[in-house]
Amino acid sequence: MAAARESVAETTARLSAARGDDPAELIEILHDIQQEIGMVPEEAQRVLAARLNLTRAEVHGVTSFYHDFRAQPAGRVVVKMCAAEACQSVGGAALISAICRSVGAALGETSPSGVTLEPIYCLGACACAPAAEVNGKLHARLTVEKLEAAIGAAAT
């Protein structure tokens, strides 16, 4: 018989213990949880707060402040759209609007086809704006067609 799959609470406890249940390691533990579970659910936040002797509000404050942490699972394609001024100045806002319509989801949502659109406020590619990251790969000097092609390639 195969071993039962670890619960969110068990996974969180194991990952926290691996970093010594040290409150100074909160962000690193949250990254570990997100890497392993794919998100940082409320249950993980409760367990982590108890193990690190922090309030749930302190843990939630960190998870809600940093855009990399999500409370819901992402789609199989994650598109981080730059919404900073440099990208906006060369058509980034129009690109975001067009991609939202194209995939059928707003920023911060996941489309029925499994594309998660997330705002990000700097990809370090200002000279090549507008830019986006698709499943961790930077794409610059984007047009709607180029970004749709990158999303399509990532989905296959």
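You'll find the structure just up there.
Residues numbered from 1 in each chain as written. Predicted model: local features only at pLDDT ≥ 70, side-chain atom pairs only at ≥ 80, totals over all residues. Heavy atoms only, no water.

A.B. asks: How should I be thinking about the environment of valine 8 in this particular structure?
C.D. replies: Among the secondary structure elements, valine 8 is positioned in helix H1 (residues 8-18). Sequence separation between valine 8 and leucine 138 is 130 residues; the distance between their C-alpha atoms is 31 Å. Other than its neighbours up to four places away in sequence, valine 8 contacts Ile37, Pro41, Glu43 and Ala44. (Helix = DSSP H or I, 4+ residues; strand = E, 2+ residues; numbered from the N terminus. Contact = heavy atoms within 4.5 Å.)

A.B. asks: Please explain the packing of H1 against helix H3 (residues 42-52) as it appears in this structure.
C.D. replies: The geometry of a pair of packed helices is captured by two quantities: the angle between their axes and the separation between those axes. It is at 9 Å that the axes of H1 and H3 come closest, and there the two elements cross at 40 degrees. The orientation of H1 relative to H3 falls into the category oblique. Crossing handedness for the pair H1 and H3: right-handed. Residue-level contacts link Val8, Ala9, Thr12, Ala13, Ser16 and Ala17 of H1 to Glu43, Ala44, Val47, Leu48, Arg51 and Leu52 of H3. The class makeup of the residues in the contact of H1 with H3 is eight nonpolar, two polar and two charged. (Axes fitted to C-alpha atoms, helices over the stretch in contact; angles between N-to-C directions. Parallel < 35°, antiparallel > 145°, perpendicular 65-115°, else oblique. Left-handed = near helix turned anticlockwise from the far one by under 90°. Nonpolar A, V, L, I, M, F, W, Y, C, P; charged D, E, K, R; others polar.)

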